[in-house]
Amino acid sequence: MANNPPNLSFSQRYGHEPLPEPMQLEHLSKDLRREIWNAVRDGLKEIRYSSIEYTVDANEPPSRFFARTLGTLEKIPEDEVPSQDGLVLQQFKSIVMHRDFNIVLDLIERLLNSDFPTAALRSRIPALFEKHAAAYRLDMSQQPYWFYPQGNREQGEAIQQSIETIHQNNMDGATTHLRQAVEHINAQQYADSITDSIHAVESVARQIAPKANTLGTALNFLIKEGSLMNPVLKKAFEKLYGYTNSEQGVRHALLDQGSPNVGLDEAVFMYGACASFAAYLTRKYQQVAQQGTDGR
């Protein structure tokens, strides 16, 4: 029993309840939704009652924030949102328990990034997604906080480390493109997601080599400067990059042949690959820069 994951309950360890559902993109398990709602309910109450009706730092009263949030997520006029606390909670609960996964993630992001105090929610949500082996992780390295997809736990941790590396080294353009890539995945705009993932790598390469006008030129510069040590890795990425730029590839799909044959799996793969490669280039460049400073 020593090899059992620490988050399994007694009932799960001894076969009285099923094990957590495996990671599945575009899906939130019933157990995860239940625990999300428990956390969201407490967060909503924290927002509503933390400062009577208004907080000094907030741009709007809680009631206005709730109406705007529900109106946006439910696609209804704000004056049709109920004002009674019990009915408001029921409407939020309906979203968490029954709406599509992306609407639930939208709601959580709105709550976490609001002007109102949600400290408890911010601490509980990441742990819940990890506990239930969800296919999404929450990036809280900077605001706005946002979810990103992962294929498995190890891949999710690697992507998180990559994002932190890119952000910590002020590669803001790459960070923006990776966020947009996730937004496209959640909107099922997979070709657009791949394009933004590739743009993240281009952004890092061109920030390292400002005079480069193509990714290939930037990669050649990085090899010359010692940032990219392995020419085989350079060729591998150029081939991957070439897939997105081929005549019938993602960016230049022929109009008379419809959309390129790209789905969720391809978009998630490219997102993870590009995030990792952008972080790799960032780390190598910082090593070279540090060596140059130490050599002076």
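Residues numbered from 1 in each chain as written. Predicted model: local features only at pLDDT ≥ 70, side-chain atom pairs only at ≥ 80, totals over all residues. Heavy atoms only, no water.

Caption draft 1: Structural detail: the overall build of the protein chain. When you go through the protein chain residue by residue, the secondary structure sums to 12 helices and two strands. Put simply, the protein chain runs from its N terminus to its C terminus through helices and strands in the order α-α-α-α-α-α-β-β-α-α-α-α-α-α. Expressed as a percentage of its 296 residues, the buried residues of the protein chain come to 42%. By sequence separation, contacts in the protein chain at least 24 residues apart represent 58% of the contacts at least 6 residues apart. Accessible surface, the protein chain: about 15700 Å² in total, of which carbon and sulfur atoms supply 49%. (Helix = DSSP H or I, 4+ residues; strand = E, 2+ residues; numbered from the N terminus. Buried < 20%, exposed > 50% of the residue type's maximum accessible area, 1.4 Å probe, protein only. Contact = heavy atoms within 4.5 Å. Areas by Shrake-Rupley, 256 points an atom, 1.4 Å probe, with all protein chains shown as cover.)

Caption draft 2: View of the packing of helix H2 (residues 30-49) against helix H6 (residues 119-131). Between H2 and H6, the least distance of the axes is 9 Å, while the angle of their chain directions is 175°. Taken together, the axes of H2 and H6 lie roughly antiparallel to each other. Contact with H2, carried on its side by Leu 32, Glu 35, Ile 36, Asn 38, Ala 39, Val 40, Asp 42 and Glu 46, involves Ala 119, Ala 120, Leu 121, Arg 124, Ile 125, Leu 128, Phe 129 and Lys 131 of H6 and no other residues of that element. Looking at the contact of H2 with H6 residue by residue, the class counts come to 10 nonpolar, one polar and five charged. (Axes fitted to C-alpha atoms, helices over the stretch in contact; angles between N-to-C directions. Parallel < 35°, antiparallel > 145°, perpendicular 65-115°, else oblique. Nonpolar A, V, L, I, M, F, W, Y, C, P; charged D, E, K, R; others polar.)

Caption draft 3: Quick look at the pattern of salt bridges. Applying the stated criterion across every chain, the model contains five salt bridges. Across the pair Glu 78 and Arg 64 runs a salt bridge, and its minimum N-O distance is 2.7 Å. Here Glu 78 is found in the loop between helix H3 (62-74) and helix H4 (85-98), whereas its partner Arg 64 is found in helix H3, with 14 residues between them in sequence. A salt bridge links Arg 99 to Glu 74, with the nearest nitrogen and oxygen atoms 2.4 Å apart. With a gap of 25 residues between them, Arg 99 in the loop between H4 and helix H5 (101-112) and Glu 74 in helix H3 connect regions that are remote in the sequence. A network of salt bridges, in which partner residues are shared, links Arg 41, Asp 42 and Arg 124. (Salt bridge = Lys/Arg side-chain N within 4 Å of Asp/Glu carboxyl O.)

Caption draft 4: A look at the nonpolar core. Membership of the largest hydrophobic core comes to 39 residues, with the highest contact counts inside it found for Val 201, Phe 237, Tyr 271 and Leu 281. Put simply, the parts of the chain that give this core at least two residues each are strand E2 (146-149), helix H7 (153-168), helix H8 (172-186), helix H9 (190-208), helix H10 (215-225) and helix H12 (264-295). With 12 residues, the single largest contributor to this core is H12. Sequence-distant contacts of Phe 237, that is, excluding residues within four places in its chain, are made with Ile 198, Val 201, Leu 215, Leu 219, Cys 274 and Phe 277. By size, the runner-up hydrophobic cluster in this structure holds 37 residues, among which are Val 40, Phe 101, Leu 112 and Phe 129. (Core = buried A, V, L, I, M, F, W, Y, C linked by side-chain atoms within 4.5 Å.)

Caption draft 5: Summary view of H9. For H9, with 19 residues, the first-to-last C-alpha span of 28 Å sits near the 27 Å given by 1.5 Å per residue. Within H9, 15 of the 19 residues are buried, leaving the element largely enclosed by the surrounding structure. (Expected span 1.5 Å × (residues − 1).)

Caption draft 6: A look at unusual backbone geometry. Pro 144 follows Gln 143 through a cis peptide bond whose omega is 0°. For Lys 75, which is not a glycine, the phi torsion comes out positive at approximately 60°. Examined against the element boundaries, Lys 75 turns out to sit in the loop between H3 and H4. Given a relative accessible area of 70%, Lys 75 falls into the exposed group. In this structure, Asn 170 is a non-glycine residue whose phi angle is positive, near 60°. Here Asn 170 shows up in the loop between H7 and H8.

Caption draft 7: Structural context of H2. Along its 20 residues, H2 runs 28 Å from first to last C-alpha, staying within 8% of the 28 Å computed at 1.5 Å per residue. Along H2, the residues that are buried comprise Leu 32, Arg 33, Glu 35, Ile 36, Trp 37, Ala 39, Val 40, Gly 43, Leu 44, Ile 47 and Arg 48.

Caption draft 8: How the structure looks around the packing of H2 against H5. Between H2 and H5, whose axes approach to 11 Å, the crossing angle comes to 30°. By the angle between their axes, H2 is roughly parallel relative to H5. In this structure, H2 meets H5 at a crossing whose hand is left-handed. Contacts from Arg 33, Ile 36, Val 40, Leu 44 and Ile 47 of H2 reach H5 at Phe 101, Val 104, Ile 108 and Leu 111. Considering only residue class, the contact of H2 with H5 consists of eight nonpolar, no polar and one charged. (Left-handed = near helix turned anticlockwise from the far one by under 90°.)

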